[in-house]
Amino acid sequence: MDQNKSIPEERYKLEIFVKAKNLKDMDTFSKSDPFCRLLHTIQGEKEKCEGDTEFLKNNLNPCWEKSFVIDYIFELNQKLVFQVWDKNQSAGSDDYLMGEVETTVADIVGAKDMKQEFELKDKKGKGVGTLVVNIDKQPEDNQFLQLSWIGKDLMNTDGFFGKSDPFLKFYKRVGEDWLPVHKTEMIKDNLNPEWKPFQISFKRLCGSKQEEKFKVECWDVHEKGTNNQFMGYFETSIHEIINENKSEFNLEYQANKSGGKIILKEKKVIKRPTFMDFLRDGEQINLIIGVDYTAQNGNPNFPDSLHAFKTQNGNQYETAIKACAQILLNYDYDKKVAMYGFGAVPHLPNYNVNETEQCFPLTGDFQKPEVYGLEGLVNLYKQTLPNLQFSGPGCLGEILNYSKQIAEFNAKKKIYTVLLILTCGQIHDLHQTTEIIAQCANVPISVILVGVGDFDFKKLEFLDQDQKQLQKEVLTRNVVQFVPFAPFSHSLPILQRELLAELPHQLTNYKSLLGLVPSK
């Protein structure tokens, strides 16, 4: 690998924890079911939704377990808007905005212990509660603990008619606060449970400070997750369990009363290789490009089309192809890129059909779909455009599945596939697309979706969500990233940062999933 290439830096991340106090009750016959949404705006860019926390049922003092992670860009202003919503679980009903807070990253980072309390206000400016925001700022950490815990003689909180349904919650200390960082699964009717092993980074558990205490609480699940009953807690540290081999802990419940014992059955320190480690070991990127030719893009013969050539600089698709491929080609091992179209009727010299195709090679030859380098890609795009009849609908399933098969074929060759899809976002096979993405979690592939134009990209944003459950199939890793092209078209470095923001983690997470490490 060329050592002069720019490697995506493993930058500082900010992890943002949120909780609320004394929320105004918005429900008539019960309490509100609140969740928190974070809107993030980097100076000079468009606002981006960083996602939602889980909603907590009947809770006016929620401490949400899901946190938000964003890049820390010291030199740019970063605006944060926290919105607290009341979840409406009735079919067809909208969630209700309870209140919001606007602040900046610098405001919180500059506060004592990087913690701030804000008054939540509704649309009329009236106070509806308090939002507490904690930030933890750390570099990436490749040291992990694999832990396996069991319970022994736990307290029974269910009386004569059942047994406790225990789970463990882990907290790290940040300033004067305990912030949730992990939760095990619940084990039903069991006072001697054995929870599944899990991995957690030193950074997440204790800020990489091995002598820093972390806290473990044991809880009994009640009433579908609400009104859970506390069973006790203990505190320990990585130093204690690794260096001093401490493995048995009493649950402190009340004075002179124990909630039982928690035993560390197995522990293991794991050092995960970094993205750079794999590149040095010869890992290569195989870039595949998919281009949207649906009628929603507009007739290329008219100036309002996204495919129309209005100036010498080309159209939005050509600009996006150049900008994206210029970055990703640095990591493509042979600089040969396969380019496919979807949502059109192709009338190419070597590939002429009479119906809409959802995955056709722009070269017209499935056996030879590749062209060399950036110039080859741009020329192929321009040359084939007059021979395509824009149609629809726009479907991603076929090109996703085809690229997945290529990635599976290359799985043992130190080749990682990156599928770059340029689209106006009008997807008509969302169900099939989500199913294939779920299957991609165990395949060496990442999918980068670039939204071209000024359309509603909600479906692309949905695919980008880090979902623990997608189409009822639990994902082992996230493989999708969505980047709207327009906000970053003015700056190649910013676009580069956005395009490569998740790729290093997606590749290393795949390798970790299979237990693969660099040979060098």
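The coordinates are above.
The following refers to the structure shown. Quantities reported herein were computed from a predicted structural model and do not represent experimental measurements. (Residues numbered from 1 in each chain as written. Predicted model: local features only at pLDDT ≥ 70, side-chain atom pairs only at ≥ 80, totals over all residues. Heavy atoms only, no water.)

**Section: the overall build of the chain**
Here is step 1: Along the backbone of the chain there are 11 helices and 28 strands.
Here is step 2: Its C-alpha atoms give the chain a radius of gyration of 26 Å, within 12% of the compact-globule value 24 Å for 520 residues.
Here is step 3: Along the first, second and third principal axes, the C-alpha atoms of the chain reach 85 × 60 × 50 Å.
Here is step 4: Residue burial in the chain is summarised as follows: out of 520 residues, 51% are buried.
Here is step 5: Excluding contacts between residues fewer than 6 apart, the proportion of contacts in the chain whose partners are at least 24 apart in sequence is 69%.
Here is step 6: Approximately 25100 Å² of the chain is accessible, and the part contributed by carbon and sulfur atoms is 46%.
Here is step 7: Taken as two groups, the 62 positive and 72 negative side-chain charges of the chain have centres that lie 3 Å from each other. (Helix = DSSP H or I, 4+ residues; strand = E, 2+ residues; numbered from the N terminus. Rg over C-alpha atoms; globule rule 2.2 N^0.38 Å. Buried < 20%, exposed > 50% of the residue type's maximum accessible area, 1.4 Å probe, protein only. Contact = heavy atoms within 4.5 Å. Areas by Shrake-Rupley, 256 points an atom, 1.4 Å probe, with all protein chains shown as cover. Lys, Arg positive; Asp, Glu negative; His and termini not counted. Charge placed at Lys NZ, Arg CZ, Asp CG, Glu CD.)

**What to know about the pattern of salt bridges**
Here is step 1: As enumerated under the stated definition, the model contains 19 salt bridges in all.
Here is step 2: A salt bridge links Asp95 to Lys87, with the shortest nitrogen-to-oxygen separation between them at 4.0 Å.
Here is step 3: Since its relative accessible area comes to 25%, Asp95 is described here as partly exposed.
Here is step 4: In this structure, Lys115 and Asp177 form a salt bridge, with 3.1 Å as the shortest nitrogen-oxygen distance. Placement of the pair is Lys115 in strand β7 (residues 115–121) and Asp177 in strand β11 (residues 177–183), with a sequence separation of 62 residues.
Here is step 5: Residue class for Asp177 comes out buried when judged on its relative accessible area of 10%. (Salt bridge = Lys/Arg side-chain N within 4 Å of Asp/Glu carboxyl O.)

**So, helix α11 (residues 503–514)**
Here is step 1: Taking 1.5 Å per residue, 12 residues should reach 16 Å; α11 reaches 17 Å between its end C-alpha atoms and fits that length.
Here is step 2: Within α11, the full set of buried residues consists of Leu503, Pro504, Gln506, Leu507, Thr508, Tyr510 and Lys511.
Here is step 3: Close packing links the buried residues of α11 with α4 (275–280), β17 (284–292), β24 (415–423), β25 (445–451) and β28 (480–484).
Here is step 4: Looking one or two residues beyond α11, the residue adopting positive phi is Gly515, at roughly 70°. (Expected span 1.5 Å × (residues − 1).)

**Section: the packing of aromatic side chains**
Here is step 1: On inspection of all chains with the given rule, the structure shows 16 aromatic pairs.
Here is step 2: Between Trp149 and Phe170 the ring centres are 6.0 Å apart and the planes differ by 55°, which places this aromatic pair in the tilted class. Placement of the pair is Trp149 in strand β9 (residues 143–152) and Phe170 in strand β10 (residues 166–174), with a sequence separation of 21 residues. Just as Trp149 is buried, Phe170 falls in that class too.
Here is step 3: On the basis of an interplanar angle of 25° and a centroid distance of 6.4 Å, the ring pair of Phe230 and Tyr253 is categorised as stacked. With Phe230 in strand β14 (residues 229–236) and Tyr253 in strand β15 (residues 248–254), this pair connects stretches of sequence that are 23 residues apart.
Here is step 4: On the accessibility criterion, Phe230 (25% relative accessible area) is partly exposed.
Here is step 5: Taking NZ or CZ as reference, Arg37 lies 5.0 Å from the ring centre of Trp85, over its face.
Here is step 6: In this structure, Lys215 is placed above the aromatic ring of Tyr171, and the distance from its NZ or CZ to the ring centre is 5.3 Å. (Phe/Tyr/Trp six-rings, centres within 6.5 Å; stacked < 30°, edge-to-face > 60°. Lys NZ or Arg CZ within 6 Å of the ring centre and 35° of its normal.)

**Thoughts on the pairing of strand β2 (residues 34–42)**
Here is step 1: Among the 9 residues that make up β2, 8 are buried, leaving the element largely enclosed by the rest of the structure.
Here is step 2: Of the strand pairs in this sheet, β2 and strand β5 (residues 78–86) are connected by 9 bridges, and their pairing is antiparallel. Bridge assignment links Leu39 to a residue of β5, and that residue is Val81.
Here is step 3: Judged from the 4 bridges that link them, β2 and strand β3 (residues 48–52) form a sheet pairing that is antiparallel. Counted as the bridge partner of Leu38 is Gly51 from β3.
Here is step 4: Between the end of β2 and the start of β3, which pair antiparallel, lie 5 residues, with Gly44 showing a positive phi angle near 85°. (Pairing = 2+ DSSP bridges.)

**Observations concerning the environment of Lys261**
Here is step 1: Considering the arrangement of structural elements, one finds Lys261 in strand β16 (residues 257–271).
Here is step 2: According to the relative accessible area criterion, Lys261 is partly exposed, its value standing at 30%.
Here is step 3: Measuring from C-alpha to C-alpha, the distance between Lys261 and Leu154 comes to 6.5 Å, with 107 residues separating the pair along the chain.
Here is step 4: Aside from chain neighbours lying at most four places away, what touches Lys261 is Ile150, Gly151, Lys152, Leu154, Glu248, Phe249 and Asn250.
Here is step 5: Looking at Lys261, its side chain comes within polar contact range of the side chain of Glu248, at 2.9 Å. (Polar contact = N/O pair within 3.5 Å; in protein donor to acceptor, adjacent residues only side chain to side chain.)

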